[in-house]
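Geometric and topological summary
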Amino acid sequence: MIVKSSTNLLICRVIGISSLILTITNSATANMNSVMDEVVVTAMKKTTAISIQDVPTAVTAFDNVQLENRHVTSLGDLGYSVPNVSLDDIGTFPGYANFSIRGLGINSSIPSIDPTVGVFVDGMYLGISGGVLFDNFDLQSIEILRGPQGLLFGRNVTGGAILLNTTVPGDELQANGRFALESGTKKITSGVLSGPVINDLLNAKIAAYYSDDSGWFENTHTGDRHGRSETKIIRHALNAYPLDGLQMILKLELGQMEGDGPANQNRDIAALGEFDIQIDEPGYSDVDWKSAVSESNINIALGDGVLTNVFAWRQYEAGTLSDIDSSPIIGAHAETWTDQEQFSNELRYSGTFNLVDVTAGIYYFTQNIDYIEDRLVNTGALRLTGGGDQTYKTLGFFASTDWHLSENWLLNAGIRFTHEEKEAALADLVPSGCSLMRQSCNVTFNDNEEWKAYTPKFGFQWVPDDDTQVYAFWTRGFRSGGYNFRNNDTTIPGPFDPEKQDAYEVGVKKDFSNTTRVNLSAFYNKIHDLQREISFIGQDNVTFQTITNAADAQILGVELESQVYLSNKISFTGHIGYMDDKYTHIFYDLNEDGEINSFDKKLSLPRLAPWSYGASVIYSQDIGSIGTFSGSVAFNHRDRQFYDDNNRGVLSAADMLEVNLSIEPADGGWKFSLYGRNLLNEVTEGLNTSMPIYSQESTFTILNKGRIFGTEFVVNI
């Protein structure tokens, strides 16, 4: 139901107390006293946001205050804060996401591979993983949904979905500026101006962000700093009420990032410090993107409901150059060009008919990707180029219902039908396969394929009292088939078949005495025709990738999130996640020993960390006329995990220690903070795989920054 307010109409304020929280809200003491603030999310696509305790699935949410107090500028900053979730940057190309939720993730930077975790910005699905992990700001909330979300969010969300909601201009004048300095050195500044243009009719917003990172790493081969980047983002938004019961929102974004290539380290060829690199090619990354999202909401009499239409467009273009061999010689350098454009439209209805809540809609998505890769290998003696063009078209119909069988029981049932078509014109990765200069390819493979999929969901909720919910459900997930942009001339680039999943989840959400909250979930996933990118050694000792449906597998696990208010000054939060996996059927020689046998079955699934856990303590204290002092300490752990299917590459376990100290006056006009990230100086990787230019066992890894200290000053008007 549309109700005009000074905050986001449909994206209500999220107080993420079911997740591990590092920070406090604007008035920490006040929020401590209002124990168990309501957590509301938009993930169910109802007429209004609903309490997270009423959502029959595992969800973790962060509101804008928590994100600001945690100094979150990228989704990667939350990668250790949610159980069984990894939000890693693969690092082959800066900003390229390789997310994994509940053990379902990809280990690839090939743009034609669809992600397992869908990322949605203001309702717009991001069609490729490129550009997902660049700096962000001006966020109203982030919602992380664990497990397949194929019913409401469609294809390619077999692992889960992440919803980023930017702010919507309200009818009160607001302005804020942020200034931060981090070791590196990285300088960050942003500003937002929002308010009414025509009272009760039109509100507007303009927001700008700028960061300048001078480089955190040292390249011992050249003596230079490495990791330089500069990011610029401009956002505009309009929020209009042209008619009674009608709301129209328009959001525009323009962004640019340029800087060095990734920080690669080959640990088998040089004695380097943990965070030092030794490369002869610093590379570059030059990325531009722009997007527009238009959302219209209108009240209708039918079922006292809301009709919503979300139209979205995005264009993303990136040029990159990376020192893949991570050494002082030209073992393998890769230059790439990606040009992606997408359109989508979702028409959705949500309403209530007696005892039945209904959400139903039609979704259309189309996308075109042009990709060229230029490799210089074998000390520069061989140049290979390849890539091509792919066009996607997806049409989906969905309906979700909640049947109120009694005061305490609800039946959840729904289904989505998806029809998808992909058309590919590809060039093998060979000498003269493509030309970066002309942005054209000598096409050697043309094909098109289409798939149909039904993704139903069936479950129930038992609500014995206002503080308790028990739920259980079964649902199906679907990840699209497709083609391989990075193919050599000895294999076929596709099509590989879709990946399907049957997922079962049970959970309990419980509040105790208005001071303690515990959310517990257990899940069991059966994955069929698991899509895997398999690396192999081709002619001239060059690494290639083939994409195939390699196996069937199963994953089971548990997750616990809790929050306890110890007093009106101190609160505790914690989370723990555990997963176990095994292959049930093998269709490909995963360990490359020449046959498919029991040794392949004993391998572990890549991108699956068995244990993840964390805890934090938040403290708040009034300090007289000065205002409020607040502090928090958080510790998070994630187990080691295998990177590739043969289990040779390993991503190290990591312990993350973070601290935040802030002072804020009573009127909230400003805030000054000191903070530290990764204070244990842990080495974390996004990629770890073999480099045959040296040996089959030689590895290179992509480093993320170690210990970071920062200070931030915020001004609010």
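Refer to the structure above for everything that follows.
Report on the accompanying structure. The model shown is predicted, which means the values in this text are computed figures rather than measured ones.

Rules used throughout
- Residues numbered from 1 in each chain as written.
- Predicted model: local features only at pLDDT ≥ 70, side-chain atom pairs only at ≥ 80, totals over all residues.
- Heavy atoms only, no water.
- Helix = DSSP H or I, 4+ residues; strand = E, 2+ residues; numbered from the N terminus.
- Rg over C-alpha atoms; globule rule 2.2 N^0.38 Å.
- Buried < 20%, exposed > 50% of the residue type's maximum accessible area, 1.4 Å probe, protein only.
- Areas by Shrake-Rupley, 256 points an atom, 1.4 Å probe, with all protein chains shown as cover.
- Lys, Arg positive; Asp, Glu negative; His and termini not counted.
- Charge placed at Lys NZ, Arg CZ, Asp CG, Glu CD.
- Salt bridge = Lys/Arg side-chain N within 4 Å of Asp/Glu carboxyl O.
- Polar contact = N/O pair within 3.5 Å; in protein donor to acceptor, adjacent residues only side chain to side chain.
- Contact = heavy atoms within 4.5 Å.
- Phe/Tyr/Trp six-rings, centres within 6.5 Å; stacked < 30°, edge-to-face > 60°.
- Core = buried A, V, L, I, M, F, W, Y, C linked by side-chain atoms within 4.5 Å.
- Disulfide = S-S within 2.5 Å.
- Pairing = 2+ DSSP bridges.
- Patch = residues over 30% accessible without salt bridge, like charges linked within 9 Å, V, L, I, M, F, W, Y side chains within 5 Å.

So, about the overall build of the protein chain. Looking only at helices and strands, the protein chain features 3 helices and 42 strands. Taken over the C-alpha trace, the protein chain has a radius of gyration of 25 Å; the compact-globule value for 717 residues is 27 Å, and the two agree within 12%. Referenced to the eigenvectors of the C-alpha coordinate spread, the extents of the protein chain come out at roughly 65 × 55 × 50 Å. Taking all 717 residues of the protein chain together, 61% fall into the buried category. In the form shown here, the protein chain has an accessible surface area of approximately 26000 Å², with 57% of it arising from carbon and sulfur atoms. Here the protein chain contributes 50 positively and 90 negatively charged side chains, and the mean placements of these two sets differ by 2 Å.

Relative to the helices and strands, K509 is located in strand β30 (residues 499-512). The charged side chain of K509 is buried without a salt bridge, its nearest counter-charge being E505 at 7.2 Å. Within the local environment of K509, its side chain forms a polar contact with the backbone oxygen of V55, the two atoms lying 2.8 Å apart. If sequence neighbours within four positions are ignored, K509 has contacts with I52, Q53, V55, T57, D467, T468, Q469, Y471, V518 and N519.

Moving on, we get to the packing of aromatic side chains. One pass over the full model with this rule turns up 19 aromatic pairs. Both rings, one in W216 and one in F275, keep their centres 5.1 Å apart while their planes meet at 80 degrees; by these two values the pair is edge-to-face. Here W216, found in the loop between β13 (202-213) and β14 (217-219), pairs with F275, found in the loop between β18 (264-265) and β19 (276-277); they are 59 residues apart in sequence, far enough to count as distant. Residue W216 is classed as buried on the basis of its relative accessible area of 15%. On the basis of relative accessibility, which here comes to 10%, the residue F275 falls in the buried class. Ring centres of F311 and F343 lie 6.5 Å apart, and the angle between their planes is 40 degrees; this geometry places the pair in the tilted category. Highlighted residues: F311 in strand β21 (residues 305-323) and F343 in strand β22 (residues 332-353), separated in sequence by 32 residues.

This part is about the nonpolar core. If you look at the biggest cluster of nonpolar residues, it comprises 46 residues, and the most contacted ones within it are V287 and W289. Beyond its immediate sequence surroundings of up to four residues, V287 is in contact with F134, G255, Q256, M257, Y316, E317 and A318. The next biggest cluster of nonpolar side chains, apart from the first, holds 26 residues, and it includes L67, V119, L133 and V310.

In this structure, T185 follows G184 across a cis peptide bond, with omega equal to 0 degrees. The residue T185 is located in the loop between β11 (174-182) and β12 (186-198) in this model. The omega torsion across G494 and P495 is 5 degrees, close enough to zero to call that bond cis. Along the chain, the position of P495 falls in the loop between β29 (468-479) and β30. The phi torsion at D529 lies on the positive side, around 55 degrees, for a residue other than glycine. With respect to the helices and strands, D529 occurs in strand β31 (residues 516-537).

All right, on to the side chain of Q390 then. Locating Q390 in the fold gives a position in strand β24 (residues 382-404). Aside from chain neighbours lying at most four places away, what touches Q390 is S112, Q367, N368, I369, E423, A424, G482, Y483 and F485.

What follows deals with the state of the cysteines. This model, assessed by the stated rule, comprises 1 disulfide. One disulfide in the model links C434 with C441; its S-S distance is 2.1 Å. As the torsion about the S-S bond is roughly 105 degrees, the C434-C441 disulfide counts as right-handed. Taking the relative accessible area as the measure of exposure, C441 reaches 24% and is therefore partly exposed.

Another point: the sheet that holds strand β4 (residues 85-89). Strands sit in the order β4-β5-β6 across an open sheet of 3 strands; the sheet is antiparallel. Edge positions in the sheet fall to β4 and β6 (104-105), since each of these pairs with one other strand and no more. Alignment of strand β5 (residues 97-101) against β6, held across 2 bridges, turns out to be antiparallel. Its bridge partner being in β6, I101 is matched across the sheet by L104.

Residue position: N646 is located in the loop between β36 (641-642) and β37 (650-651). Taking the C-alpha atoms as reference points, N646 and L590, separated by 56 residues in sequence, lie 5.5 Å from one another. Setting aside residues no more than four positions away along its own chain, N646 makes contact with L590, N591, E592 and L603.

Relative to β24, strand β23 (residues 356-377) runs antiparallel, the two sharing 22 bridges. When the bridges of β24 are listed, I362 appears paired with F397. For β24 and strand β25 (residues 409-430), the ladder comprises 19 bridges, and the chain directions are antiparallel. Bridging from a neighbouring strand, T391 pairs with E423 of β25. Once β24 ends, the chain turns through 4 residues before running back antiparallel as β25.

Strand order in the open sheet made by the 5 strands is β3-β9-β10-β7-β8, with mixed pairing throughout. Of all the strands in the sheet, the pair left with one neighbour each is β3 (59-63) and β8 (124-125).

Let us now look at a negative patch on the surface. Together, E258, D286, D288 and E317 make up a negatively charged patch on the protein surface. Within the fold, E317 resides in strand β21. Taking the relative accessible area as the measure of exposure, E317 reaches 36% and is therefore partly exposed.

Once that is clear, we can look at the pattern of salt bridges. Applying the stated criterion across every chain, the model contains 34 salt bridges. Taking the shortest distance from any N to any O, the salt bridge between E346 and K45 comes out at 3.2 Å. Separated by 301 residues along the polypeptide, E346 in strand β22 and K45 in the loop between β1 (40-41) and β2 (50-51) bring together distant segments of the chain. The burial state of E346 is the same as that of K45; both residues are buried. In this structure, E182 and R677 form a salt bridge, with 3.0 Å as the shortest nitrogen-oxygen distance. Taken together, the residues E182 in strand β11 and R677 in strand β39 (residues 670-677) connect sequence positions 495 residues apart. Here R677 falls in the buried class, since its relative accessible area comes to 14%. One salt-bridge network, held together by shared partners, links R102, R146, E505, E559 and E561.

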